[in-house]
Amino acid sequence: MKKTSFQADVLPLKDELFRLAMRITLNRAEAEDVVQETMLKVWSRRDQWERIDSMEAFCLTICRNLALDKVKQADNQSASLEGTTEATDNSYTSNPEEQTVQKDRVELVRRLIDRLPEKQRSVMQLRDIEGKSYRDIATVMGISEEQVKVNIFRARQAVKKAFIKNEQYGL
């Protein structure tokens, strides 16, 4: 087995861990705390690193569990994403109206994803945003690959249905 290095193998995962924690907690400060706690927990288990097949899956699992604990401690309060608007690709158009409509649609999709049940939110984050394989998601979530596929399908359908309903509102 290869020698695992915290700086080379764990630290580069911090952004990915943050996005997962953010998707679960829906709170920037809580997500930052979760990532920090994850890093500490991974470091404290450094004597086990040689037995770990996938450091990424190990870190994501710890992060997910800590984020779920935070949510439970906060009595499942759902705060909105606090000012984490990512840069939008405006190269497709020079029309400010179309850019604004596109930005509003992206924000709507984020809100719709935030309303999903935690398991669907997490699998959608890991698959559609992080690009993880079904196997990796199953490992992180502690469910079967079939359950991952079902949850992704249901999450996408729920977002699609709510998006279409919102787009047709007032017509």
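Worth saying up front: this structure is predicted, and the values here are computed from it rather than measured.

What counts and how
Residues numbered from 1 in each chain as written. Predicted model: local features only at pLDDT ≥ 70, side-chain atom pairs only at ≥ 80, totals over all residues. Heavy atoms only, no water. Phe/Tyr/Trp six-rings, centres within 6.5 Å; stacked < 30°, edge-to-face > 60°. Helix = DSSP H or I, 4+ residues; strand = E, 2+ residues; numbered from the N terminus. Buried < 20%, exposed > 50% of the residue type's maximum accessible area, 1.4 Å probe, protein only. Lys NZ or Arg CZ within 6 Å of the ring centre and 35° of its normal. Salt bridge = Lys/Arg side-chain N within 4 Å of Asp/Glu carboxyl O. Contact = heavy atoms within 4.5 Å. Axes fitted to C-alpha atoms, helices over the stretch in contact; angles between N-to-C directions. Parallel < 35°, antiparallel > 145°, perpendicular 65-115°, else oblique. Nonpolar A, V, L, I, M, F, W, Y, C, P; charged D, E, K, R; others polar.

1. Considering the packing of aromatic side chains
- Inspection of every chain in the model, using the stated rule, returns three aromatic pairs.
- Aromatic side chains Phe6 and Trp49 sit 6.3 Å apart centroid to centroid with 10° between the ring planes, which places their arrangement in the stacked category. Of this pair, Phe6 sits in helix α1 (residues 6-10) while Trp49 is found in the loop between α3 (28-44) and α4 (55-73), placing the two residues 43 residues apart along the sequence.
- Residue class for Trp49 comes out buried when judged on its relative accessible area of 6%.
- A centroid spacing of 6.0 Å and a plane angle of 70° characterise the contact between Trp43 and Trp49, whose relative ring orientation is edge-to-face.
- Residue classification places Trp43 among the partly exposed positions, given a relative accessible area of 41%.
- When the ring centre of Tyr134 is taken as origin, the NZ or CZ atom of Arg127, which lies over that ring, is 4.2 Å away.

2. Focus: the pattern of salt bridges
- What the rule picks out here adds up to 14 salt bridges.
- Residues Arg28 and Glu32 are paired through a salt bridge, measuring 3.7 Å at the closest nitrogen-oxygen approach. In this pair, Arg28 and Glu32 both sit in helix α3, four residues apart, roughly one turn of the helix.
- A salt bridge links Arg156 to Asp128, with the nearest nitrogen and oxygen atoms 2.4 Å apart. Within this pair, whereas Arg156 is found in helix α8 (residues 145-167), its partner Asp128 is found in helix α6 (residues 118-129), the two being separated by 28 residues in sequence.

3. Section: the environment of Pro12
- Relative to the elements of secondary structure, Pro12 occurs in the loop between α1 and α2 (14-25).
- C-alpha separation for the pair Pro12 and Glu56, spaced 44 residues apart in sequence, amounts to 9.8 Å.
- Contacts of Pro12, omitting those with residues within four sequence positions, involve Phe6 and Gln7.

4. Details of the packing of helix α7 (residues 134-141) against α8
- Their axes nearest at 8 Å, the elements α7 and α8 cross at an angle of 100°. Classified by the angle between their axes, α7 and α8 sit roughly perpendicular to one another. Between α7 and α8, the contacting residues are Tyr134, Arg135, Ile137 and Ala138 on the first element and Glu145, Val148, Lys149 and Ile152 on the second.
- Considered class by class, the residues forming the contact of α7 with α8 number five nonpolar, no polar and three charged.

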